[in-house]
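Geometric and topological summary
Next come the chains, spelled out residue by residue.
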Amino acid sequence: MNDFTIILRSLSSRLFSTVTTIATVAVAVALMLVLLTMREAGKKAFERGSGDMHFLVSADASPLVSVLNGIFYANPPRRPLTWDRFKQLERTFPWTYAIPTQLGDSYLGLPVMATSQEFFTRFQPNPGESWAFAAGRAFDRSFEVVVGASAARSSGLGVGDVIYLTHGITQSRQLGDASANDGLHVHRDFAYTVVGILAPTGGSHDRALFTDVTSTWIIHAHDVRKKVDPAITTTTEADLTDADRKITGVYVKLIAPPGSSIPTNFQQVFDMLRRDSGITVAQPGQEIATLFKIVSNIDRLFIAVAGVVMLSSGISIMLALYNSMEQRRRQIAVLRVLGASRARVFGLIAAESVIIGLLGALAGIALSVAGGFIAASALRDRLGLVIEPDLEPRSIVGVLLATVVLAGLAGIIPATIAYRASVSRGLRPLG
Amino acid sequence: MTMQPTISVSPTPVSTPSVPPTTAALAIADLVFTYPGAAAPTLDLPVLNLAPAEQILLTGGSGRGKSTLLQLIAGLIDPQGGKVRISGTAIHALRSADRDRFRGQRIGMIFQTFNLLLGFSARENVMAALMFGGVHAGEQRSRAAALLESLGIERMDRPVDELSVGQQQRVAVARAVACSPTLVLADEPTASLDPANAAQAMDLIQSVCRSCGAALLCVSHDPSMTSRFIRVESLAELSRTHAVGHGAAA
């Protein structure tokens, strides 16, 4: 027999109250942890999307819009860059790579990026990690398409499947929704064949499809030509004009000296490119930081709400123990008669409170793991944001300690009541 | 029933008890207690001594301060005046935590409603007394089992609320004597029992106290109890003033 046995007996004798209080604490802790985890994981997911590029060049109105559109597929960019402009840019510096990208088509609501083969051979979706294929290969000719990991999962596409792209990106991301493509034009004259399925990267590209720019130019040129002459049945690369050759962005990476990831001419190149009023140059990392600064107030609001929920769970511990005090008068009096000091009785009640907090926190951590996965899949399905809900050990320890301290504080009032309880009143015969 | 050592108890403080206060199981001198707001003392006891292993019945009607006296003796409340010594130790002179420890080790209490720890097993009720009495954790289990076995409790790991009234009474007695106390205080121990069970309960309490050498101070207003004790005292006669007590405390 020790004090812990007494605490356990006391908790188990009020099992319903104990379990509901622990559940209240668990929900609050889980909410706090899920929010903290999602915030960190969300940041990481945004950071992953930009991969190892240094700049994103586009004709978008602002660098932030450029990053949201060109890397995170928020909307198809409205202003294009000409192929000549890209070639000119490509010649300006000795880049590690300058990869053209073109956005504007979709498949079942999933964005389709038209690019070059270098996208798979040079661009790393995560710094230090090249693309990996779960099945098949990269495209090496027109009208071949590669499907991102989560796009493949949600669309059910596999190597060898034949698809038709839709002009524009529908607002609805519901797969299988027949109305989703209403009002949008399907390029029915050109079939694409799936040649590869990518392994997951954890970034935004997982939910996109990739094809070559030439085939994209062809299907759009075909639309233009058909408006002029409806009798036209096909269009080839030979029919393309300079006006057809448009892109919406360029992923560029400078050459860094051996042993360093930061090029010496980084700032110089950035400043030089920015002087060109015809293009927008974005540093993705900086723009993502700007984005998080913008949303940080909402972020703080969520954390504050979770804090209030945690506080209310502390109050519920206090209430549960406080309400039990009346029925425990006799038990406390008997413990005193048996030789328990006031301080020891105080400690027993306070420890009971801490144990409720600790059990609630542990249950909350388990709940947050499950909650994290649910929230992650909801974000992936609804927003296309791929996040990995890994619990940060620092967050876990912090929330655990905060809960235990809160529970300890919540136990002070009931413990004080127990400390001051009258033994003679507690021993009075019932009735 | 074996004869108990007798101690003369006088209502006047000048009477000399036959046992010196330093060696008596219980020695009370000039004990005065008044509940806050009460006009007169609830209790004003010039002297009451018990020799080691002596058994005494203290009678008195409701409101005479019997329960208050037991709580004063146990050090659960403080008197306004006077002294209570248990085996020579002035219990109210001890600091709060020391007094609690002393009570756990030297005083056993038995109540009308048993006051067992509900949700605990019979064994755990006894082990709790041993724990607060300072018995080493390694010894608690076996000592509790031996004691309960000797009192005929076989299902000692069942929650006490699943035991019969008679068994609960036995557990309460076992808990009171678990730490081999100097003094056992019994507060109306048979008030909630029928005459047959009351007799059995008193047989048990008295024999257990006798066998462990503890003095027994039993308070009761049940007239049938007087025949069980060689020494029977009336609280009203012992008191300096026939105080009308605090109703709630009696």
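The structure under discussion appears in the preceding block.
A brief structural summary. Only a predicted model underlies this, so the values are computations on that prediction, with no experimental measurement involved. (Residues numbered from 1 in each chain as written. Chains lettered and ligands numbered in written order. Predicted model: local features only at pLDDT ≥ 70, side-chain atom pairs only at ≥ 80, totals over all residues. Heavy atoms only, no water.)

Contacts between the two partners involve 25 residues from chain B and, on the opposite side, 24 residues from chain A. Taking both sides of the interface into account, the surface hidden between chain B and chain A amounts to around 2300 Å²; carbon and sulfur atoms contribute 65%. By the criterion of area lost to chain A, the three top residues of chain B are Phe 120, Met 131 and Phe 132 of chain B, representing 26% of everything that side buries. Connecting chain B to chain A are 2 salt bridges. (Contact = heavy atoms within 4.5 Å. Buried area = accessible area lost by both parts, 1.4 Å probe. Salt bridge = Lys/Arg side-chain N within 4 Å of Asp/Glu carboxyl O.)

Turning to empty space enclosed by the protein, a few remarks are in order. If you walk through the whole model with that rule in mind, you get 5 cavities of 30 Å³ or more. In this structure, the largest cavity spans a volume of roughly 110 Å³. Every residue lining the largest cavity is counted, 14 residues in all, and those nearest its centre are Leu 338 of chain A together with Ile 107, Gly 108, Arg 175 and Ala 176 of chain B. If you list the elements that add at least two residues to the lining of the largest cavity, you get helix H2 (96-106), strand S6 (107-111) and helix H5 (165-177) of chain B. Per-element accounting of the lining of the largest cavity gives the leading share, 4 residues, to S6 of chain B. Split by residue class, the lining of the largest cavity holds 10 nonpolar, 3 polar and 1 charged. For the second largest cavity, the calculated volume is near 60 Å³. Around the second largest cavity, the lining residues are Ile 6, Ile 7, Ser 10, Arg 328, Gln 331, Ile 332, Leu 335, Val 345, Leu 348, Ile 349 and Glu 352 of chain A. Elements with a minimum of two residues in the lining of the second largest cavity: helix H1 (3-13), helix H10 (329-337) and helix H11 (342-383) of chain A. (1 Å grid on protein atoms, 1.4 Å probe; cavity = no way out; pocket = protein on both sides within 12 Å on 5 of 7 lines; lining within 4 Å. Points joined across faces, edges and corners; volume = space filled by probe spheres on them. Helix = DSSP H or I, 4+ residues; strand = E, 2+ residues; numbered from the N terminus. Nonpolar A, V, L, I, M, F, W, Y, C, P; charged D, E, K, R; others polar.)

The subject of this paragraph is the nonpolar core. In terms of nonpolar packing, the biggest core is built from 120 residues, with Leu 69, Ile 73 and Leu 217 of chain B touching the most fellow members. Excluding residues within four positions of it along the chain, Ile 73 of chain B makes contact with Leu 26, Ile 28, Val 84, Ile 86, Ile 91, Ile 107, Leu 183, Leu 185 and Leu 217 of chain B. With 43 residues, the next largest nonpolar core counts Leu 157, Val 250, Phe 266 and Phe 270 of chain A among its residues. (Core = buried A, V, L, I, M, F, W, Y, C linked by side-chain atoms within 4.5 Å. Buried < 20%, exposed > 50% of the residue type's maximum accessible area, 1.4 Å probe, protein only.)

Even without being glycine, Phe 143 of chain A reaches a positive phi, approximately 60 degrees. Within the secondary structure, Phe 143 of chain A sits in the loop between strand S5 (133-136) and strand S6 (144-147). Residue Ser 87 of chain B is not a glycine yet carries a positive backbone phi of 50 degrees. Following the sequence through the fold, Ser 87 of chain B ends up in the loop between strand S4 (81-86) and strand S5 (89-90).

Glancing now at helix H12 (residues 393-410) of chain A. All names here are of chain A. Taking 1.5 Å of rise per residue, 18 residues should cover 26 Å, and H12 covers 25 Å from first to last C-alpha, within 8% of that figure. The set of residues buried in H12 consists of Ser 395, Val 399, Thr 403, Ala 407 and Ala 410. Angular distribution of buried residues about the axis of H12 spans 90 degrees; they occupy a single face of the element. Among the exposed residues of H12, those oriented more than 90 degrees off its buried face are Pro 393, Arg 394, Leu 401, Val 405 and Leu 409. (Expected span 1.5 Å × (residues − 1). Arc of directions from axis to C-beta.)

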